[in-house]
Number of protein chains: 2
Amino acid sequence: MSQETRFVQDIADQEDDFSRWYTDVVLKAELADYSPVRGCMVIRPYGFALWENMRDALDSRIKATGHVNAYFPLFIPESLLKKEAEHVEGFNPEVAWVTAAGDEDLEERLAIRPTSEVMILTMYSKWVQSWRDLPLLINQWANVVRWEKRTHMFLRTTEFLWQEGHTAHRTEQEAQEEVLRMLEVYRDFVETELAIPLVLGRKSESEKFAGAQATYTIEAMMGDGRALQAGTSHGFGQHFAEAFNISFLDMDGERRNAWTTSWGMTTRLIGALIMTHGDASGLILPPRVAPHQVVVIPIFRKDDEEERVREAINEITQRLAGQVRLHVDWSEHTPGWKFNEWELRGVPIRLEIGPRDVAAGQATVVRRDTREKQAVPLGELATRLPALLDDIQHALFERALAFRESRTHQISSIDELAAQIEQERGFFWAVWCGSAACETAVKTRTGATLRCLPLEGGDGVGPCLVCGQSGGKTAIFARAY
Amino acid sequence: MSQETRFVQDIADQEDDFSRWYTDVVLKAELADYSPVRGCMVIRPYGFALWENMRDALDSRIKATGHVNAYFPLFIPESLLKKEAEHVEGFNPEVAWVTAAGDEDLEERLAIRPTSEVMILTMYSKWVQSWRDLPLLINQWANVVRWEKRTHMFLRTTEFLWQEGHTAHRTEQEAQEEVLRMLEVYRDFVETELAIPLVLGRKSESEKFAGAQATYTIEAMMGDGRALQAGTSHGFGQHFAEAFNISFLDMDGERRNAWTTSWGMTTRLIGALIMTHGDASGLILPPRVAPHQVVVIPIFRKDDEEERVREAINEITQRLAGQVRLHVDWSEHTPGWKFNEWELRGVPIRLEIGPRDVAAGQATVVRRDTREKQAVPLGELATRLPALLDDIQHALFERALAFRESRTHQISSIDELAAQIEQERGFFWAVWCGSAACETAVKTRTGATLRCLPLEGGDGVGPCLVCGQSGGKTAIFARAY
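Rules behind the numbers
Residues numbered from 1 in each chain as written. Chains lettered and ligands numbered in written order. Predicted model: local features only at pLDDT ≥ 70, side-chain atom pairs only at ≥ 80, totals over all residues. Helix = DSSP H or I, 4+ residues; strand = E, 2+ residues; numbered from the N terminus. Rg over C-alpha atoms; globule rule 2.2 N^0.38 Å. Buried ≥ 20, exposed ≤ 12 C-beta atoms within 10 Å, placed from the backbone. Contact = placed C-beta atoms within 7 Å. Nonpolar A, V, L, I, M, F, W, Y, C, P; charged D, E, K, R; others polar. Pairing = 2+ DSSP bridges. Axes fitted to C-alpha atoms, helices over the stretch in contact; angles between N-to-C directions. Least-squares fit on C-alpha atoms with pLDDT ≥ 70 in both. Domains from an automatic or database assignment. Left-handed = near helix turned anticlockwise from the far one by under 90°. Expected span 1.5 Å × (residues − 1). Parallel < 35°, antiparallel > 145°, perpendicular 65-115°, else oblique. pLDDT = per-residue confidence, 0-100.

Q: Got a sec to walk through the overall build of chain A? Specific residues and values, please.
A: Across its full length, chain A holds 14 helices and 23 strands. For chain A, whose C-alpha radius of gyration is 25 Å, the value lies close to the compact-globule estimate of 23 Å for 481 residues. A principal-axis box enclosing the C-alpha atoms of chain A has dimensions of 80 × 55 × 50 Å. For chain A, buried positions account for 48% of its 481 residues.

This is the structure we're talking about:
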């Protein structure tokens, strides 16, 4: 739509139709748009600026823990993809195949990477000879393709952006430490930067990554009570190292296989952000990753008013340069239109300046999350705004945490789960015997999947929610994205 | 190779076999490696850290000139690619086609983007309605695929990384200003950050981008006297806007087509960097983009010596933190091995510290470019090293410029060109009548292509180097990568 004819339009009601609310917000906040390719979306500048902030915050954590970035090919020859049986079985239905180039058919089909284990580990087998070459700690930021039947903006798209870390270690213990270290890096990143509270846990056999020995996950609760897997960290044991021949001469002169791990996080997190914090008026962005932290709305009617307001705003932007990410909306729309627009787009703080504000040497500051309004002297903006941004960041996390707790229930039987989940979605903690049969029974009857075996908080005491057997473990069930 | 068995090995002689020297340096400096996919390479961590520094320096310039980043799909439906005839004709032989996903054949083939004009302009036709929506100034960092018959690390690979800017404007003048603005951004980036001197010019009809009205280029001279096109900026007129229906309601109420441009720069620049500055010992990296600006080599024999050296180095790294990118090589190799290794990998400054240095309160500082050695008091490192890095950056540019000038010749006939280019490669300035026939004649006889019609420095006075006609323009001919 042109800026001329485009007004803030109603978005669907959250309570009424959360899914339509979500799509409305994505499109109207101009985070993304549909593309001419089935299942692929365009990440628009506002959405991409958000992703850049997220990426930079995670990238610095990945580097601070000793990892380095590299880049591996988009294509994986079919024979290579088939080297590890479980892995190829898991991904085969989702693989896009290049079969021709120019006017010629290729001799061997090339997969577009759905993930890069087989490519990266093939290179590792070349680079690793001695224990001195270990650990190898490499991360890649890349696009990957998984052919999905049903797609949903950010949450599940045919092509998406992600980072994938792939590491090789000398010992099992080192590898296990790495898997949990990166889970913790993810937790810190998501909770600190995105203000999304997480449950950390291990996936069940049926939910783990194709070929992994163990998959760990961070699970978040969305605004409709459904779970979203926000990132995963996998230990492969020596399984992939055997398939890809990553062996090394150890300190004692013995040749051994390495222990490998991988961990990934994707643009799906943008979806998590929207669905965790958004409200009836649209998006609410956590200040630490918001493209604009403060939007300034000039208010004036006459020319001489405009001049005074413009002067005050120039002074403010100079004072705040390098302190907060500030955007001044000088467009021709009315202030009311702009208020709605920037609320919809989730800017954490709105700063209004009119002639009366200028005369009083102040600005009107409005929080997006609480809509609380206050007059702040211009001279205090440089200290008050950063503090207010911190407050908002903190409040968003606390609000999301309180919501999750209000929707988290301890249940003791599948009947209880089935009854409660029909009333309201949420996280349901229960004891599970560990059998795939009981896990499937829950899924079939309630639509809830086993999100994880939480690392903290469950004692596993009591009978299995399905079969009643004792000696199980605590598991969290939820309907999920 | 394992670190255990890996020693600095001889690299081919530059004079003798420049091409093998180049490949040796790429592989042995661990910038890149061959992959299991034909024509695709792996950018290793050292090479990727270099690319990250280059990318960040260019990205900040792209943003400072008012552009924003976004992300568009990897796939382009065949029907969409065929919408603009000249464009598809130019790229068709190089396109990789996805024809199947999972077990199913696709109804329509999908091209892997060789460039994103058609995808991005399709979105623009949706986003642009009024003159108020213009200009649209979007850049994308992405991977693209062009099926090349012959590939060469960094210089020509099937998949490569690049940025592609795509803009739409209200008027021809604005679009033309954009094309030249971005050419200037490229010049500033390449000359300032990479220390590579450039000639700016316009491409001839035969060398311009498929579908462009005019293509501008920055041309660099490599260490063997061959030319390398280091970046291009294209004006499309209203040509693509017509094909993709990017029209807008103008100020006067008339509906008009937009004027579009695009401009791109790729990982090939890493190749340019290597071939501009490298010498017989390997790589020389300009300080502004070097992953490590200073490498510290500890020198000691006895345990008590190690302790003193370690203390001094800890003090240095603390003092220099945030000032220079410093790497301490604590590996088990001999100092001599490390000297060679880090020379090969092109680190601008080597800092040696042994017990005698510690006793004298100094370090030995060695420049990579001149090998000049000096003792610097430890207390002065924080001021002397940054200044020295600036000196090196400047000296590299000056050296490359002097080399280019020594290999630049004014010639007046194709005979002269043929004779001189056999002796020594370089840039040959000549007058050209403007005909494709004369351009082809030069190429056929001498192997030199028309690099550009330089924006500055040529007056076009004299007869055409081939047909002798007057009234031509100044053109630069060279054998090129």
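Q: A description of the interface of chain A and chain B should follow, citing residues and the corresponding values.
A: Residue-level contacts link 51 residues of chain A with 51 residues of chain B. Among the elements that line the side of chain A that touches chain B, the one with the most residues is strand β5 (residues 96-101) of chain A, at 6 residues. For the side of chain A that touches chain B, the class distribution of residues is 32 nonpolar, 11 polar and 8 charged. Here β5 of chain A pairs with strand β5 (residues 96-101) of chain B via 5 bridges, running antiparallel. Its bridge partner being in β5 of chain B, A100 of chain A is matched across the sheet by W97 of chain B.

Q: Give a description of the sheet that holds strand β17 (residues 349-353) of chain B that names residues and reports values.
A: All names here are of chain B. Spatially, 5 strands are ordered β16-β15-β17-β18-β19 in an open sheet, and the strand pairing comes out mixed. Each edge of the open sheet is held by one strand with a lone partner, namely β16 (326-328) and β19 (373-377). Strand after strand, the sheet turns through a mean of 25° between neighbouring axes, direction not considered. As judged from the 3 bridges shared by strand β15 (residues 294-298) and β16, these two strands associate in the parallel manner. Its bridge partner being in β16, V296 is matched across the sheet by V328. Contacts from helix α9 (residues 303-320) reach β15, β16 and β17 within the one sheet, and its direction differs from that of β16 by about 165°.

Q: Could you give an account of the relation of the copies chain A and chain B, with specific residues and numbers?
A: Rotating chain A by 180° and moving it 0.0 Å along the rotation axis overlays it on chain B with an RMSD of 0.0 Å. Here the symmetry operator amounts to a two-fold rotation axis. Taking the C-alpha atom as reference, chain A places V98 of chain A closest to the rotation axis, 2.1 Å from it. An overlap of 100% is found between the interface residues of chain A and their copies at the interface of chain B, pointing to a shared contact surface.

Q: Lay out the domain arrangement of chain A in plain terms, naming residues and giving numbers.
A: Residues and elements named next belong to chain A. Assigned domains of chain A: these are domain 1 (18-71 + 121-277), domain 2 (294-391) and domain 3 (408-478). Distance from the C-alpha centre of domain 1 to the C-alpha centre of domain 3: 26 Å. Counting residues at the interface gives 16 residues for domain 1, matched by 15 residues for domain 3. It is strand β9 (residues 199-202) that provides the largest number of residues to the side of domain 1 that touches domain 3, a total of 4 residues.

Q: Can you break down the pairing of strand β15 (residues 294-298) of chain A residue by residue, with the values?
A: Remember that side chains alternate between the two faces of the sheet whenever the strand is regular. All names here are of chain A. Counting buried positions along β15 gives 4 out of 5 residues, so the element sits mostly inside the fold. Here β15 pairs with strand β17 (residues 349-353) via 5 bridges, running parallel. Paired with V294 across the two strands is I349, which belongs to β17.

Q: Provide a residue-level description of unusual backbone geometry, including the pertinent values.
A: The peptide bond linking L134 of chain A to P135 of chain A adopts the cis configuration, its omega dihedral lying at -5°. Within the secondary structure, P135 of chain A is located in the loop between α5 (117-127) and β7 (136-145). One non-glycine residue with positive phi stands out, namely A195 of chain A, at about 60°. If you trace the backbone, A195 of chain A turns up in the loop between α6 (172-193) and β9. You can call A195 of chain A buried: it has 26 C-beta atoms within 10 Å. One non-glycine residue, F154 of chain B, lies in the positive phi region at around 65°. Relative to the elements of secondary structure, F154 of chain B occurs in the loop between β7 (136-145) and β8 (159-169).

Q: Provide a residue-level description of the packing of α9 of chain B against helix α12 (residues 381-406) of chain B, including the pertinent values.
A: All names here are of chain B. Packing of α9 against α12 leaves a shortest axis separation of 10 Å and a crossing angle of 65°. Crossing geometry of α9 relative to α12 is assigned as right-handed. Listed contacts from α12 to I316, R319 and L320 of α9 are L381, A382 and L385. For the contact of α9 with α12, the residue count by class is 5 nonpolar, no polar and 1 charged.

Q: Report on the sheet that holds strand β6 (residues 104-112) of chain B, specifying residues and quantitative values.
A: In spatial order, the strands read β4(A)-β6(A)-β5(A)-β5(B)-β6(B)-β4(B); together these 6 strands make up an open sheet with antiparallel pairing. Either end of the sheet is taken by a strand with one partner, and the two such strands are β4 (75-77) of chain A together with β4 (75-77) of chain B. Going across the sheet, the axis of each strand differs from the next one's by a mean of 45°, ignoring polarity. Taken together, the 4 bridges between β5 of chain A and strand β6 (residues 104-112) of chain A define a ladder with antiparallel strand orientation. Looking across to β6 of chain A, one finds that W97 of chain A is bridged to A111 of chain A.

Q: Any chance you could break down the environment of N53 of chain A for me, citing the residues and the numbers?
A: Residues and elements named next belong to chain A. Within the secondary structure, N53 sits in helix α2 (residues 45-64). With 18 C-beta atoms counted inside 10 Å, the residue N53 sits in the partly exposed group. Each C-alpha atom, one on N53 and one on E193, is 9.4 Å from the other, the two residues being 140 residues apart in sequence. If sequence neighbours within four positions are ignored, N53 has contacts with V289 and P291.

Q: Lay out helix α12 (residues 381-406) of chain A in plain terms, naming residues and giving numbers.
A: Residue pairs three or four apart in sequence face the same way in an α-helix, which turns once every 3.6 residues. For α12 of chain A, built from 26 residues, the straight-helix expectation of 38 Å at 1.5 Å per residue is met to within 8% by its first-to-last C-alpha distance of 36 Å. Looking at α12 of chain A, one finds that the buried residues are L381, L385, L388, L389, I392, Q393, L396, A400 and R404 of chain A.

Q: I'd love a proper account of the packing of helix α13 (residues 414-423) of chain B against helix α14 (residues 436-446) of chain B, names of residues and values included.
A: All names here are of chain B. Look at α13 against α14: their axes get within 10 Å of each other, and the N-to-C directions meet at 30°. By the angle between their directions, the pair α13 and α14 is classed as roughly parallel. Of the two possible hands of crossing, α13 and α14 adopt the one that is right-handed. Touching I414, L417, A418 and I421 of α13 are A441, V442, R445 and T446, all from α14. Residue classes in the contact of α13 with α14 are distributed as 6 nonpolar, 1 polar and 1 charged.

Q: For the confidence of the model for chain A, give the residues involved together with the corresponding values.
A: Residues and elements named next belong to chain A. Averaged over all residues, the pLDDT of chain A equals 95, while 98% of them reach at least 70. pLDDT under 50 marks residues 1-8. Its contacts with residues more than four places away, or in other chains, come to 17 contacts. Overall fold confidence (pTM) sits at 0.96, and the ipTM for the predicted complex is 0.96.

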